[in-house]
Amino acid sequence: MSSQKLFSAFFLQVILATLVLGVANVQCLKLGFYKKTCPAAEDIVRKTTAQYISKAPTLAAPLLRMHFHDCFVRGCDGSVLLNSTKNNQAEKDAIPNLSLRGYHVIDAAKSAVEKKCPGVVSCADILALVARDAVSMINGPYWKVPTGRRDGKVSVALEALINLPPPFANITQLKSMFHSKGLSVKDLVVLSGGHTIGISHCSSFTNRLYNFTGKGDTDPSMDPNYVIQLKKKCKPGDVSTVVEMDPGSFKSFDEDYYSVVAKRRGLFQSDAALLDDVETSKYVRLQSFSHGKSFGRDFAASMVKMGRIGVLTGNAGEIRKYCAFVN
């Protein structure tokens, strides 16, 4: 009995230590972290990002998604940027990440910063800054990014499969996955609004068009007229064709996504699932009817919150010289 009490006490201490460490890490992030060590860092990242987004604005979507995918696996530690090795398949080679683009933008920003301040600014921070800058450059909101993250040394493909919300997730699964990262139901519906930009391969949603329950049927939660339109673009087994996630507005960051979802025209099951919960459906309709009155402000707040997930600070991790490789 005494040994059980001893174990319980030890276990409680471990939990408390973990919580304290997590809070400490979050507190170590701050605005202007590089003000003394590399004062030009954020300006260099912004200018580098602008060089690419001005020529290819569609890069904003995968760069935003890259930051999201980084934070949901091991926290915002730049692990999604690491290359696979002979003995390890990294996150970037996991199925959910195969469609990510824009690594060259991160590398360019890192290279430019390294020339000015070698060994000071982390790849994790650069990714967070690039995502913010890319979104703001296509008419999206701008938010102040607390910095001070350090880079992780581990990247495992299987962890991406386990931690990233799949396009076929239902509302219960989505709420659980976001809750496990310290994000609220409001954060879930707000961050889903990131689907206002970008494209998707047909393979991510064709089950909704042709074989939803295994009987050759369509998803009844999708607008039948939209099903007809999508079937013209996406044939069974099509893995190469891409479709706009926010038709007619996929290059501009706006509130149209919520109007699309409200009309039952969201591409993914995870989009449609937002109508299956009182809180998320209320937010969808609010933004749809008010033309996104609070969306920009809400998105900025949720991005800052997401950017704090599981960060490494202080002496944890490292500052990579090259983002695709551990030192």
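Definitions and cut-offs
Residues numbered from 1 in each chain as written. Predicted model: local features only at pLDDT ≥ 70, side-chain atom pairs only at ≥ 80, totals over all residues. Heavy atoms only, no water. Axes fitted to C-alpha atoms, helices over the stretch in contact; angles between N-to-C directions. Helix = DSSP H or I, 4+ residues; strand = E, 2+ residues; numbered from the N terminus. Left-handed = near helix turned anticlockwise from the far one by under 90°. Contact = heavy atoms within 4.5 Å. Nonpolar A, V, L, I, M, F, W, Y, C, P; charged D, E, K, R; others polar. 1 Å grid on protein atoms, 1.4 Å probe; cavity = no way out; pocket = protein on both sides within 12 Å on 5 of 7 lines; lining within 4 Å. Points joined across faces, edges and corners; volume = space filled by probe spheres on them. Salt bridge = Lys/Arg side-chain N within 4 Å of Asp/Glu carboxyl O. Buried < 20%, exposed > 50% of the residue type's maximum accessible area, 1.4 Å probe, protein only. Lys, Arg positive; Asp, Glu negative; His and termini not counted. UniProt positions renumbered as here; feature names shortened; annotations may be inferred. Core = buried A, V, L, I, M, F, W, Y, C linked by side-chain atoms within 4.5 Å.

Chemist: What is the right way to read the packing of helix H3 (residues 60–71) against helix H5 (residues 123–136) from this model?
Modeler: Relative orientation and spacing of two packed helices are given, respectively, by the angle between their axes and the distance between those axes. It is at 9 Å that the axes of H3 and H5 come closest, and there the two elements cross at 145°. Crossing handedness for the pair H3 and H5: left-handed. Seen from H3, the contacting residues are Ala60, Leu63, Leu64, Met66, His67 and Asp70; seen from H5, they are Leu127, Ala128, Val130, Ala131, Ala134 and Val135. For the contact of H3 with H5, the per-class residue count stands at 10 nonpolar, 1 polar and 1 charged.

Chemist: In this structure, what is going on with empty space enclosed by the protein? I would like to understand it.
Modeler: Under the defined criterion, the tally for this structure stands at 1 cavity of 30 Å³ or more. The computed volume of the largest cavity comes to approximately 50 Å³. For the largest cavity, the full set of lining residues is His67, Ala128, Trp143, Val145, Pro146, Arg149, Met303, Val304 and Gly307. Along the lines of polarity and charge, the residues of the lining of the largest cavity split into 6 nonpolar, 2 polar and 1 charged.

Chemist: What is the right way to look at the pattern of salt bridges in this model?
Modeler: Pairing between side chains of opposite charge can happen when their charged atoms approach one another. Under the definition given, this model contains 12 salt bridges. Here Asp277 and Lys175 are joined by a salt bridge, their closest N and O atoms 2.9 Å apart. Residue Asp277 is found in the loop between helix H12 (269–272) and helix H13 (278–289), and its partner Lys175 is found in helix H7 (residues 171–179); the two are separated by 102 residues along the sequence. By relative accessible area, which is 14% here, Asp277 ends up buried. Taking relative accessible area as the criterion, Lys175 reaches 30% and is therefore assigned partly exposed. Measuring nitrogen to oxygen at the nearest pair gives 3.5 Å for the salt bridge that ties Asp298 to Lys186. On the criterion of sequence distance, the pair formed by Asp298 in helix H14 (residues 295–306) and Lys186 in helix H8 (residues 185–192) is long-range, its members being 112 residues apart. Given the relative accessible area of 10%, Asp298 is considered buried.

Chemist: Looking at this model, I keep getting lost on the side chain of Asp77. Mind explaining?
Modeler: You can see Asp77 is positioned in the loop between H3 and helix H4 (103–116). No salt bridge is formed by the buried Asp77; the nearest opposite charge belongs to Arg320, separated by 5.6 Å. Excluding residues that lie within four positions of it along the chain, Asp77 makes contacts with Asp70, Ala124, Arg150, Asp151, Gly152, Leu312 and Arg320.

Chemist: What should I look at first to understand the UniProt feature "domain: Plant heme peroxidase family profile" (unreviewed entry) in the chain in this one?
Modeler: UniProt records the feature "domain: Plant heme peroxidase family profile" (unreviewed entry) for residues 28–327 in the present numbering. Structurally, residues 28–327 comprises 42% helix and 2% strand, and the distance from its first C-alpha atom to its last is 23 Å.

Chemist: For this particular structure, what's the right way to read the nonpolar core?
Modeler: Across soluble globular proteins, nonpolar side chains show a tendency to be buried alongside one another. In this structure, Leu63, Met66, Leu81, Ile106 and Phe299 are the most contacted members of the largest nonpolar core, which totals 69 residues. Examining the composition of this core, we find that 8 residues originate from one element, H5, more than from any other. Apart from the residues lying within four places of it in its own chain, the contact partners of Leu81 are Met66, Lys92, Tyr103, Ile106, Cys123, Leu127, Arg320, Cys323 and Ala324. By size, the runner-up hydrophobic cluster in this structure holds 12 residues, among which are Tyr226, Val227, Leu230 and Cys234.

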